Amino acid sequence: MTRTTRPLVARPLVVVVVALVALGALGACTRRDDGLGVFAGGFDPTRYDGGVLPDAKLDRPLRFDVPPFYADKIAEGAARDLTKYLEDETHLQIALQSPAAYDYAAISDGLAKGDVDVAELSPYQYALVEQRGIAIVPLVASVAHGASSYGSYLVVRQGSAIHSIDDIKGRSIAFVDPLSTSGYLLPALFLQQHGIDLAKDVHVRFAGSHPAALELVKSGAVDVAAVSSDLLIGNAGLAGPLVVIAKAGRMPYDVIVARGDLDAATTALVKRALLRLSIHDERGRAALRAFSSVDGFMPIPPGHYDGVRALAKRARDVALSTSAGQKP
């Protein structure tokens, strides 16, 4: 029987502030707006075949972990179509799960122990998992809104007295999580490069997810939020309640990986199923409801995540200072 689980209870949030010197070191690597992650390979999922593959044999459902911003979709039942699609394509039972918000340790340890078979990782999580030496096989890169990369934005409410980052000092800001690429890493670096000391000049909160960060700023609980560009559809623009005050950079969309010791047949079947999945047909559109804004997946181009890898390599020896976090 197919098992689709509801999200686990989120862990207590911990406020992590990266030291000024660390962000300065990262700056040389991440000040890129030159098409990082842009893919021009012309991949067409409607014509992808992948050939005849052997049947895979698992004595349990294949566990597929996805990030927390899919949790509501899973709870609403949108994951049923995705689960059925994957089961039809792979002839395996699929257990789609959404772990605690950006719980890097849970996902990476799960991949290392074999508890998690396939997982979607943010670019930064992907780099950190590689750094830990955990054996993984990158399968596909996500594509959304017709693009292979997305942006990090700083937003405020309509009518706010904050019009640019020059007005941020002394204000409160909601980040997503210390392991979020667009919801923390890039905007934190961006603010530091513009003279904002996160430890002294602003009041930092971690919301745990992009939607939660948006709700904090929309409700007035914080003055500014750092979020993915995908979350701004319907929230910013002529009719939206939010205003973009800065763009903090771009990065590739998430990557889906398999644990390194998953048998080759299973890995190949899952990869083929994902590469066939797209909004170009009705079945694909139904299955992708669980992935929200994702249009489909593509082969990972050479160098696609190199910028994020370099950033993570420079950041790995940074001493982090921590204090008790606040719940949103």
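Note that residues are indexed from 1 along each chain, following the sequence as it is written. Residues qualify for local features only when their pLDDT is at least 70, as the model is predicted, and side-chain atom pairs are given and counted only at 80 or more; totals for whole chains, interfaces and linings, by contrast, use all residues. The basis for every side-chain value is the complete set of heavy atoms in the structure, and neither hydrogens nor water enter the calculation.

A. Molecular detail of the sheet that holds strand β9 (residues 203–206). Within the open sheet, the 5 strands sit side by side as β9-β8-β10-β7-β11. Their pairing is mixed. The two strands at the open ends of the sheet, each matched to only one other strand, are β9 and β11 (242–252). Each neighbouring strand pair of the sheet contributes to a mean axis angle of 20°, computed without reference to strand direction. As judged from the 9 bridges shared by strand β7 (residues 149–157) and β11, these two strands associate in the antiparallel manner. From the neighbouring strand, L154 faces β11, where its bridge partner is A246. By definition, residues are in contact when any of their heavy atoms lie within 4.5 Å. For helices, the fitted axis covers only the stretch in contact; all axes are lines through C-alpha atoms, and the angles between them, taken along N-to-C directions, range from 0 to 180 degrees. Only DSSP runs of H or I reaching four residues or more are called helices, and only runs of E reaching two or more are called strands; each is numbered from the N terminus. Strand contacts of helix α6 (residues 181–193): β7, β8 (172–175), β9, β10 (224–228) and β11, with the helix running at about 105° to β11, the strand carrying the most contacts. A pair of strands is considered paired only if DSSP assigns at least 2 bridges between the two.

B. Spotlight on the pattern of salt bridges. In the sections that follow, a salt bridge refers to a side-chain nitrogen of Lys or Arg positioned within 4 Å of a carboxyl oxygen of Asp or Glu. According to the stated counting rule, one finds 14 salt bridges in the structure shown. A salt bridge links E89 to R276, with the nearest nitrogen and oxygen atoms 2.9 Å apart. One end of the pair, E89, is in helix α3 (residues 79–90); the other, R276, is in helix α8 (residues 264–276), with 187 residues separating them in the sequence. By relative accessible area, E89 is classed as buried at 14%. R259 is the partner of D117 in a salt bridge, and the nearest nitrogen-oxygen pair spans 2.8 Å. Of this pair, D117 sits in the loop between α4 (104–113) and β5 (118–121) while R259 sits in strand β12 (residues 255–259), placing them 142 residues apart in sequence. Throughout, exposure labels follow a simple rule: accessible area from a 1.4 Å probe, protein chains only, divided by the maximum for the residue type, with under 20% read as buried, over 50% as exposed, and the rest as partly exposed.

C. Looking closely at the nonpolar core. Throughout, nonpolar core names a set of buried Ala, Val, Leu, Ile, Met, Phe, Trp, Tyr and Cys residues whose side chains join them through atoms within 4.5 Å. Core analysis: the biggest nonpolar cluster contains 32 residues, and F64, V118, F291 and F297 have the highest contact counts within it. Of all the secondary-structure elements, those providing two or more residues to this core are β3 (62–65), α3, β4 (94–97), β6 (136–144), β12, α8 and β13 (294–298). Residues contacting F297, with those up to four places away along its chain left out, are F43, V140, A141, S142, I256, L274, L275, L277, L288 and F291. L154, F206, A226 and A248 belong to the second-largest nonpolar core, a separate cluster that totals 21 residues.

D. Representation of α3. Expected span, for any helix, means 1.5 Å times one less than how many residues it has. Between its terminal C-alpha atoms α3 stretches 16 Å, which fits the 16 Å expected from 12 residues at 1.5 Å a residue. Among the residues trailing α3, H91 stands out with phi positive, at a value near 60°.

E. Highlighting the side chain of S228. In this structure, S228 sits in strand β10. The exposure class assigned to S228 is buried, which follows from its relative accessible area of 5%.

F. Focus on the packing of α3 against α8. Here α3 crosses α8 at 125°, and the two axes come no closer than 9 Å. Looking at the two axes, α3 sits oblique to α8. You can see that α3 and α8 cross each other, and the crossing is right-handed. Note on element contacts: α8 touches α3 through L269, V270, R272, A273, L274 and R276, opposite Y85, L86, E89 and T90. In this count, Pro and Cys sit with the nonpolar residues alongside Ala, Val, Leu, Ile, Met, Phe, Trp and Tyr, while Asp, Glu, Lys and Arg are called charged and the others, Gly among them, polar. A breakdown of the residues in the contact of α3 with α8 according to their chemical character gives 6 nonpolar, 1 polar and 3 charged. Angles are sorted into four bins: roughly parallel if under 35 degrees, roughly antiparallel if over 145, roughly perpendicular if 65 to 115, and oblique for all others. By definition, any crossing whose near helix is turned counterclockwise from its far helix by less than a right angle is left-handed, and any crossing with a clockwise turn is right-handed.

G. Molecular detail of the environment of H280. Mapped onto the elements of the fold, H280 is located in the loop between α8 and α9 (282–287). For the pair H280 and D44, spaced 236 residues apart in sequence, the C-alpha to C-alpha distance is 9.7 Å. Residues in contact with H280, not counting those within four places in the same chain, are P45, T46 and R285.

H. Main features of unusual backbone geometry. Backbone geometry places H91, a non-glycine residue, at a positive phi of 60°. Within the secondary structure, H91 sits in the loop between α3 and β4. We classify H91 as exposed; its relative accessible area is 61%. For H145, which is not glycine, the phi torsion reads 55° and is therefore positive. Inspection of the secondary structure puts H145 in the loop between β6 and β7.

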